[in-house]
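Architecture at a glance
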Amino acid sequence: MKILYALQCTGNGHIARAQELIPELKKYAEVDLLTSGHQSQIELPQEPKFRFDGISLLYDARGGLSYWKTAVQNNFFRAIKDVKKVPLEEYDLVINDFEPISAWAAKLKNYQNILGISHQASMLFPETPKPERKDFLGEMVLKHYAPTKENFGFHFESYHPRIFRPIVRQAVRNLKPQNEGFYMTYLPSFSDEYLIERLNETHVDWRVFSKSAKEIYVKGNVLVYPIDQTEFLRSLGKSEGVLCNAGFELPAEALFLNKKLFVIPIKKQYEQECNATALQNLGVDSCSELNLRKIQEWVDAEHYVKVDYPDQLVAIIKRILEFVNSSEGEIIEEIRQYNPVRA
């Protein structure tokens, strides 16, 4: 059996999940990797067989989604050409983590054996928390950016039988959390200059991880690091709290490690507004901008949110294969032939 795992590489969360899912999938099938997007800073789980630029969302210096940059700095004509290059006929199943090139290739070629497995897919279920004010454009992006007929999702809680709790990386599970009193920040949608200037107005130490920094440097009470997986994990484990955008993987990892958490959703990005709503329902602090008064109140408070994120990786893979079994008997028969013991 051959599986094409299609991975969105805008941001690091999709890759972090793939680092766990792909090795487990390889116990059942041959897996090739397709990637698109260009803003990740962590290592891929394996060398891609297909690599496309795709369509990436871009931001302004103050943390908002920039429609202008997104329109100008993406090559939509090349993306359309890339859609035609995906050899879907070579694969028995496509697993799509919010990746547009393979998703649109499947849609245009009427390829049926594609399964959406992503955090964004969880937003398609009506049970997931949403802001009171709906965003029509945001809903359209979630539905049509990487369209798939059937979906499994990941979220902070299991709001639906097809929504799993977060896959926490083994590297994070292996950490021994400590509290060395500093606060860790990963807000790549803000410029370093704006972020450092604002955080220097607080009275605690910060470790800021920057997508643009080339070396470690200090400005006031802010220590800036380039993105480095080893140092990132070390700081995550030793921090008192985490200030970050309202993404999915990093907030989930911070909660798993019982760290104080404060999130700022990226402006004009509906998915993050939905995440902030879900986190607020759990008791996590949030605001719509870099509000120093609220952040200082959060720093001064002893506010921790308890979650239960057990290691369910094997169960998740089996649940997905059971679904394929019920939908496509021929596919599961190939799985049995490939690995009769585990299938």
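A short tour of the structure in this document, coming up. (Residues numbered from 1 in each chain as written. Predicted model: local features only at pLDDT ≥ 70, side-chain atom pairs only at ≥ 80, totals over all residues. Heavy atoms only, no water.)

1. Details of the pairing of strand β5 (residues 114-118)
Counting buried residues in β5 gives 5 out of 5 residues, a clear majority hidden from the surface. Of the two faces of β5, the one carrying Ile114, Gly116 and Ser118 and the one carrying Leu115 and Ile117 are both buried. The pairing of strand β4 (residues 93-97) with β5 spans 3 bridges and is parallel. When the sheet's bridge partners are listed, Ile95 is paired in β5 with Leu115. Taking the sense of rotation as the criterion, the β-α-β connection linking β4, helix α4 (residues 100-109) and β5 turns out right-handed. Here β5 runs beside strand β6 (residues 150-154); their pairing, made up of 4 bridges, is parallel. Note that in β6 the partner of Leu115 across the bridge is Glu150. (Buried < 20%, exposed > 50% of the residue type's maximum accessible area, 1.4 Å probe, protein only. Helix = DSSP H or I, 4+ residues; strand = E, 2+ residues; numbered from the N terminus. Pairing = 2+ DSSP bridges. Right-handed = clockwise from strand over helix to strand, strands pointing away.)

2. Regarding the environment of Leu282
Looking at the secondary structure, you find Leu282 in helix α11 (residues 270-282). Leu282 gets classed as partly exposed once you look at its relative accessible area, which sits at 26%. Residues Leu282 and Ala103, spaced 179 residues apart in sequence, show a C-alpha to C-alpha distance of 32 Å. When neighbours within four sequence positions are excluded, Leu282 is seen to be in contact with Phe156, Glu157 and Val305. (Contact = heavy atoms within 4.5 Å.)

3. Observations regarding the environment of Leu137
Counting through the fold element by element, Leu137 comes out in helix α6 (residues 136-144). The sequence separation of Leu137 and Arg319 amounts to 182 residues, and the corresponding C-alpha distance is 32 Å.

4. A short note on the sheet that holds strand β11 (residues 222-226)
Spatial strand order, β10-β11-β9-β8-β12-β13-β14: 7 strands in an open sheet with mixed pairing. Either end of the sheet is taken by a strand with one partner, and the two such strands are β10 (217-219) and β14 (285-286). Strand direction decides the pairing type here: strand β12 (residues 241-245) and strand β13 (residues 260-264), joined by 5 bridges, are parallel. Bridge pairing in β13 links Gly241 to Lys260. The sheet contacts of α11 involve β12, β13 and β14, and relative to β13 the element is tilted by about 150 degrees. (Axes fitted to C-alpha atoms, helices over the stretch in contact; angles between N-to-C directions.)

5. Side note on the nonpolar core
Note that soluble globular proteins tend to have their nonpolar side chains buried in a common cluster. Judged by nonpolar contacts, the single largest core of 60 residues is most densely connected at Ile3, Tyr5, Phe154 and Leu261. It is helix α13 (residues 313-327) that contributes the most residues to this core, 7 residues altogether. If we ignore the near neighbours within four places in the chain, the residues touching Leu261 are Val242, Cys244, Pro251, Ala254, Leu255, Leu279, Val284, Asp285 and Trp298. In this structure, Val83, Ala106, Ile114 and Met123 belong to the second largest nonpolar core, which totals 25 residues. (Core = buried A, V, L, I, M, F, W, Y, C linked by side-chain atoms within 4.5 Å.)

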